[in-house]
Amino acid sequence: RGTIIDKVTQEPLSGVSVFFTGTQTGTKTDNEGKFSLGKKGKQSTLTISYVGYTPLKHDLNTGKSAKIIVLMERNQYQLQEVSISSGKKSKYRNKGNHAVELIQKVIDSKRTNRLQDSEYLQYDQYERIQFSLTEMSDKFLHKKTFDKYRFLLDTTSLMNNEKQIILPMYISEKIYERYFRKSPEKDMKILKANKKVDFSAYIDSAGLDMYLNRLYDNFDIYQNDIFFLKNEFLSPIADHAPAFYKYFITDTLSEKKLIEISFMPRNAGDRLFEGKLYVTMDGKYAINSFDLGINKGINLNFIRSARIHQEFRSAGDGKLHLYKSYTQSNFGINKKKGMSILGERTVSYSNYKSGVVMAEAFY
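Given the structure is predicted, the values throughout are model-derived calculations rather than measurements.

Draft legend 1. Region of the structure containing unusual backbone geometry. Along the chain, S183 connects to P184 via a cis peptide bond; the corresponding omega equals -15°. Counting through the fold element by element, P184 comes out in the loop between strand 10 (162-181) and strand 11 (186-198). Not every positive phi belongs to a glycine, and Y285 is a case in point at roughly 55°. Its location among the elements puts Y285 in the loop between strand 16 (273-280) and strand 17 (287-294).

Draft legend 2. Quick peek at the side chain of S109. Along the polypeptide, S109 turns up in the loop between helix 1 (98-108) and helix 2 (110-113). For S109, a relative accessible area of 14% puts it in the buried group. Here K105 takes part through its backbone oxygen, which lies 2.8 Å from a polar atom of the side chain of S109. In contact with S109, other than residues within four places in its own chain, are K284 and Y285.

Draft legend 3. Region of the structure containing the nonpolar core. With 46 residues, the main nonpolar core has F219, F228, I237, Y247, F273, I287 and F290 as its most contacted residues. Among the elements that make up this core, the one with the highest residue count is helix 1 (six residues). Judged by nonpolar contacts, the second largest core, of 14 residues, contains F20, L46, V70 and M72.

Draft legend 4. Looking closely at helix 1. Buried residues of helix 1: A99, V100, L102, I103, V106 and I107, and no others. For helix 1, the arc enclosing every buried residue in end-on projection is 160°, short of the 170-degree limit, so these residues lie on one face. Exposed residues pointing more than 90 degrees away from the buried face of helix 1 are listed as H98 and D108. Next to the buried residues of helix 1 lie helix 2, strand 14 (245-253), strand 15 (258-265), strand 16 and strand 17.

Draft legend 5. How the structure looks around the sheet that holds strand 7 (residues 68-72). Overall, mixed pairing links the three strands, which are arranged 4-1-7 in an open sheet. Each edge of the open sheet carries a strand with a single partner, namely strand 4 (34-35) and strand 7. By the bridge criterion, five bridges tie strand 1 (residues 2-6) to strand 7 in an arrangement that is parallel. Counterpart to I5 in the pairing with strand 7 is L71.

Draft legend 6. Local environment of the pattern of salt bridges. Summed over all chains, the structure comprises ten salt bridges. We note a salt bridge from D239 to K110, for which the minimum N-O separation is 3.0 Å. Within this pair, whereas D239 is found in the loop between strand 13 (231-234) and strand 14, its partner K110 is found in helix 2, the two being separated by 129 residues in sequence. Note that K324 and E311 form a salt bridge whose closest N and O atoms lie 3.4 Å from each other. Here E311 lies in strand 18 (residues 303-314) and K324 lies in strand 19 (residues 320-331), a separation of 13 residues in the sequence. Taken as a pair, K324 and E311 share a single burial class, namely buried.

Draft legend 7. A look at the sheet that holds strand 2 (residues 17-20). The sheet built from four strands is open, its strands ordered 3-2-5-6 with antiparallel pairing. Two strands close off the open sheet at either side, each with one partner strand: strand 3 (26-28) and strand 6 (56-59). Strand after strand, the sheet turns through a mean of 20° between neighbouring axes, direction not considered. Where strand 5 (residues 45-49) and strand 6 come together, four bridges link them in antiparallel fashion. Bridging across to strand 6, T47 finds its partner in K57.

Definitions and limits used
- Residues numbered from 1 in each chain as written.
- Predicted model: local features only at pLDDT ≥ 70, side-chain atom pairs only at ≥ 80, totals over all residues.
- Heavy atoms only, no water.
- Helix = DSSP H or I, 4+ residues; strand = E, 2+ residues; numbered from the N terminus.
- Buried < 20%, exposed > 50% of the residue type's maximum accessible area, 1.4 Å probe, protein only.
- Polar contact = N/O pair within 3.5 Å; in protein donor to acceptor, adjacent residues only side chain to side chain.
- Contact = heavy atoms within 4.5 Å.
- Core = buried A, V, L, I, M, F, W, Y, C linked by side-chain atoms within 4.5 Å.
- Arc of directions from axis to C-beta.
- Pairing = 2+ DSSP bridges.
- Salt bridge = Lys/Arg side-chain N within 4 Å of Asp/Glu carboxyl O.
- Axes fitted to C-alpha atoms, helices over the stretch in contact; angles between N-to-C directions.

Below is the structure:
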């Protein structure tokens, strides 16, 4: 038995396949990344695999029980694009496009699928914000300043599918209780625990914490307009999104009953996202997860790259609620090279309860 987590985000991975190598005996991890597996005999190796991650084999002490923690890395290999042409350049159209028809069903189902459709909702929220230096020169990395703190340079992060050494400068962790009432609308956040640490006497921790929280406001893909990094973007499932985005059905995940939709801006200069959405095939057309990046054709001051990943899980009320959110952005004075600042925000949500009404005085 054990737990499988993302090596970079330290978040548990659900749905990971775990098998005794060379056998049909296996299982999948639950929503907390945990698994339990048993078989008579002396099993020597586990095979662990997950879509988008590098497969692993884990050696075991034969004939003995074990509790393990496995770190999985995202697969950094990208397939080369293959173009097939009939001799005539086909023009992208919304009419008769199955991907657009599917997205329209997602748009039409937004009201019933989004979090705020519940009359009353409460849940717990854990949040971790980290602020680090990255893309540092060899001269900077070998400064005598770091001789006693070399361990700080052992940390890495995956950025643009490449591993980068990062130097943590500031970390903040918070636990909240969240309460939402639909009418009259009320969204309450109660801070239950807070811990901060910074590795520099030159950082204004309070000011930085406030700035980063504003910078990484909660990202709601079901809204028409999304504020991200203090800029307004059009959601890929906004009411009028098909007029601004191109959509393509790029895969079906039969095992998870999902359809993968890739999307990109029609015009490179528009303030839009690009990436992939995973839509449920159960007739509800809810978003199961998504991975977004910023359109590279737009100019955002000091921002070199950004990524947003979110996953949704069933909370027992027939809806998919936000379960995990990871946001990463890279800032630099020079947009192409030189030392930069990496900001990361990881949020996990748990203990969803809908329909629980608190006393009026509470709100």
